[in-house]
Amino acid sequence: MRKFWFVAVLIALSGCLRPHPPVPASEPVVPVPKATNRCQEYVQDVRTEHFKYFGLDFPFWFGIGQLKAESNCRASVTAFDAGQGLAQFMPTTTKYVNELMGEQLDPYLPDQAIRMQAFYMHRLHKSNWSQALWLTYQAYNGGWGNLKAEYTRAGATDRDSMRLECRRKTILLKSGRTLNLCDVNYQYSKHVYDFGSAYATGTSPWRYW
Amino acid sequence: MENILFQIRRVWLDFVSFACFMLLLGSGWYKELEPPIQLVALKALLVSAGFMHAHIMRKMAFPSVEWTTKKNSQEDGSQLRWLVIGLYLIVIYAYAKGG
């Protein structure tokens, strides 16, 4: 009887396996990009931390998209503007978030950076007047001040209209390249959406745009 | 049938908690809870499911384990005991990590 059930379970499990279609010889095998693999190892932590602050409905995959947009999922990187670690926290923001959380978290440690990311995003989202996530992600990148001013000038929570009213500065990098902070901020939400969508596991009632 | 009922009674706590949390999450009532509590409910569901899964696997795949060793006993079932413990740990961890 025991053997019967064992075999039955094995047959049932094998039914869940789908045979891979053979790859035609003419198609080259495309390796998975390293960056995708890097981000994959943080999926579970991002999911848990974002669920903890936002609830089980939250589209946590945008949190992964955010890490990819910020640091390409590299935990040890320091940017030219002093952004630290996976979530690219500025030193002053790290200090601020640690004070709020009552801890001394290190932005270079992935699990702690992800905790700080989720906490800070949740805090920022409380100031989001329209609850559309693109605004919160852009606030993470460049603060609420400029966004609120652009919203006031545009008269509507419309990304294209607000972009037209953007009057942020253009900075000159050491390499000679210019960086238009309006482009940086308004493309940030698009990058988070595009990168994050690759990790989506379903739908969410939260509105992104 | 008696054996199945006996096994269900052994895991009744996980069976009940699994059913309760499935109802909570499946019905949408979880939205009334604070997010940290929602996460705890999800984790509890996963651990209960993992435990029951491991228990069924163990009952089907392994012989019974003698957990107490009698004095002067020649038999040493420690390897099987560790295998069973490992099975439970791995399956519950796999379920818990998934959420």
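Below or above, wherever it landed, is the structure these notes cover.

Conventions we followed
Residues numbered from 1 in each chain as written. Chains lettered and ligands numbered in written order. Predicted model: local features only at pLDDT ≥ 70, side-chain atom pairs only at ≥ 80, totals over all residues. Heavy atoms only, no water. Core = buried A, V, L, I, M, F, W, Y, C linked by side-chain atoms within 4.5 Å. Buried < 20%, exposed > 50% of the residue type's maximum accessible area, 1.4 Å probe, protein only. Contact = heavy atoms within 4.5 Å. Buried area = accessible area lost by both parts, 1.4 Å probe. Salt bridge = Lys/Arg side-chain N within 4 Å of Asp/Glu carboxyl O. Polar contact = N/O pair within 3.5 Å; in protein donor to acceptor, adjacent residues only side chain to side chain. Helix = DSSP H or I, 4+ residues; strand = E, 2+ residues; numbered from the N terminus. Nonpolar A, V, L, I, M, F, W, Y, C, P; charged D, E, K, R; others polar. Axes fitted to C-alpha atoms, helices over the stretch in contact; angles between N-to-C directions. Parallel < 35°, antiparallel > 145°, perpendicular 65-115°, else oblique. Left-handed = near helix turned anticlockwise from the far one by under 90°.

## Examining the nonpolar core
Thought 1: In this structure, A:Y42, A:L67, A:Y137 and A:Y140 are the most contacted members of the largest nonpolar core, which totals 55 residues.
Thought 2: Ignoring sequence-local partners within four residues, the contact set of A:L67 consists of A:Y42, A:V46, A:N72, A:C73, A:L86, A:A87, A:I114 and A:Q117.
Thought 3: Core analysis: the second largest hydrophobic core is formed by six residues, B:A54, B:V65, B:Y88 and B:V91 among them.

## Let's talk about the interface of chain B and chain A
Often, the extent of an interface is quoted as the loss of accessible area on bringing the components together.
Thought 1: Tallying the contact residues gives 18 residues for chain B and 14 residues for chain A.
Thought 2: Summed over both partners, the interface of chain B with chain A comes to about 1200 Å²; 62% of that surface belongs to carbon and sulfur atoms.
Thought 3: Area buried by chain B at its contact with chain A is led by B:P35, B:L39 and B:M60, which between them contribute 42% of it.
Thought 4: Linking chain B with chain A are zero salt bridges.
Thought 5: Across the chain B-chain A interface, the total number found is three residue pairs in polar contact (both at pLDDT 80 or more).
Thought 6: Sorting elements by how many residues they give to the side of chain B that touches chain A places helix 3 (residues 35-61) of chain B first, with nine residues.
Thought 7: Across the side of chain B that touches chain A, the residue classes break down as eleven nonpolar, three polar and four charged.

## A short note on the packing of helix 3 (residues 43-54) of chain A against helix 4 (residues 61-71) of chain A
All names here are of chain A.
Thought 1: In contact at an axis separation of 8 Å, helix 3 and helix 4 are set at 125 degrees when each is read in the N-to-C sense. Here helix 4 runs oblique to helix 3, going by the angle between their axes. Considering how the two elements wind past one another, helix 3 and helix 4 form a crossing that is right-handed. On helix 4, the residues touching V43, V46 and H50 of helix 3 are G63, I64 and L67.

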